[in-house]
Each structure stands twice: as C-alpha cells, then as structure tokens.
Amino acid sequence: MSYYTYIATNFHNTVLYTGVTSNLRLRMRQHIEKAVPGFTARYKVNKLVWYEVFKTPTEAIAAEKRIKGWRRDRKIVLVQSVNPRFEDLLET
C-alpha cells in the first residue's frame, strides 16, 4: 500500500492545503465534491498540484507535518519545482 502527502489548491491558486491519505484519487474526489465540511469545502480546494508517495503512513504524516510548518512561499517553491504552472495533476 502507498501513502501520499499532497498539496491541493483552489481555482485561483490562493489556498494551499496540505494533507495525507492512502487513496489520493478518492481524497481529491471528496475535496471536489465538498463531501467533508470544513476548510477545503469552504475554500473550494479542488485541484491537486503536488504529491509525494511514501511506503508507510508514519513517513507520510511526518512529511505532512513538516510541510504544514512551512511558510506559504516555501510551499509555492515546492509545488513549482515539479509543477510550475500549478496544473491539476489528476487531469494530467
């Protein structure tokens, strides 16, 4: 099984949400459909812009915590290092 740390955003790329999951497609579908009330539904987080795969949930959670502690500009640099135009990675 694989575990993912990911960064998702909204249409305008104004929000950067960092999360962790074992099923990236399902989790993004939940964000898109606003299935879970809260931050991602309120700010219309619906676009996957970065992710990393891990072998254990412990590694994925540690990466999520590390990234959540970063300032916004550092998160943007991370996304742009692999996805300079903030394209939706689920569509590519």
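Read on for an overview of the structure. Everything quoted here is computed from the prediction, not taken from an experiment. (Residues numbered from 1 in each chain as written. Predicted model: local features only at pLDDT ≥ 70, side-chain atom pairs only at ≥ 80, totals over all residues. Heavy atoms only, no water.)

1. Some points on the pairing of strand β1 (residues 3–9)
Phase 1: Within β1, seven of the seven residues are buried, leaving the element largely enclosed by the surrounding structure.
Phase 2: Because side chains alternate across β1, one face comprises the buried residues Tyr 3, Thr 5, Ile 7 and Thr 9, and the other comprises Tyr 4, Tyr 6 and Ala 8, equally buried.
Phase 3: Pairing analysis gives seven bridges linking β1 to strand β3 (residues 47–54), with the strands arranged antiparallel. Residue pairing across strands places Ile 7 opposite Trp 50, the latter belonging to β3.
Phase 4: Direction of pairing for β1 relative to strand β2 (residues 17–21): antiparallel, over a ladder of five bridges. In the strand pairing of β2, Ala 8 is matched with Tyr 17. (Buried < 20%, exposed > 50% of the residue type's maximum accessible area, 1.4 Å probe, protein only. Helix = DSSP H or I, 4+ residues; strand = E, 2+ residues; numbered from the N terminus. Pairing = 2+ DSSP bridges.)

2. A word on the pattern of salt bridges
Phase 1: Evaluated as defined, the whole model comprises three salt bridges.
Phase 2: Its salt-bridge partner being Lys 68, residue Glu 64 comes within 3.3 Å of it at the nearest N-O pair. Of the two residues, Glu 64 and Lys 68 both sit in helix α3 (residues 57–68), four residues apart, roughly one turn of that helix. (Salt bridge = Lys/Arg side-chain N within 4 Å of Asp/Glu carboxyl O.)

3. Structural notes on unusual backbone geometry
Phase 1: Look at Asn 13: it is not a glycine, yet its phi comes out positive at around 60°.
Phase 2: The topology assignment puts Asn 13 in the loop between β1 and β2.
Phase 3: Positive phi outside glycine occurs at Lys 34, with the angle close to 55°.
Phase 4: Assignment of secondary structure puts Lys 34 in the loop between α1 (24–32) and α2 (39–42).

4. Looking at the side chain of Thr 40
Phase 1: The topology assignment puts Thr 40 in helix α2.
Phase 2: Residue classification places Thr 40 among the buried residues on the basis of a relative accessible area of 8%.
Phase 3: In this structure Thr 40 touches Tyr 17, His 31 and Val 45, once residues within four positions along its chain are discounted. (Contact = heavy atoms within 4.5 Å.)

All we've got here are geometric facts, nothing functional implied.
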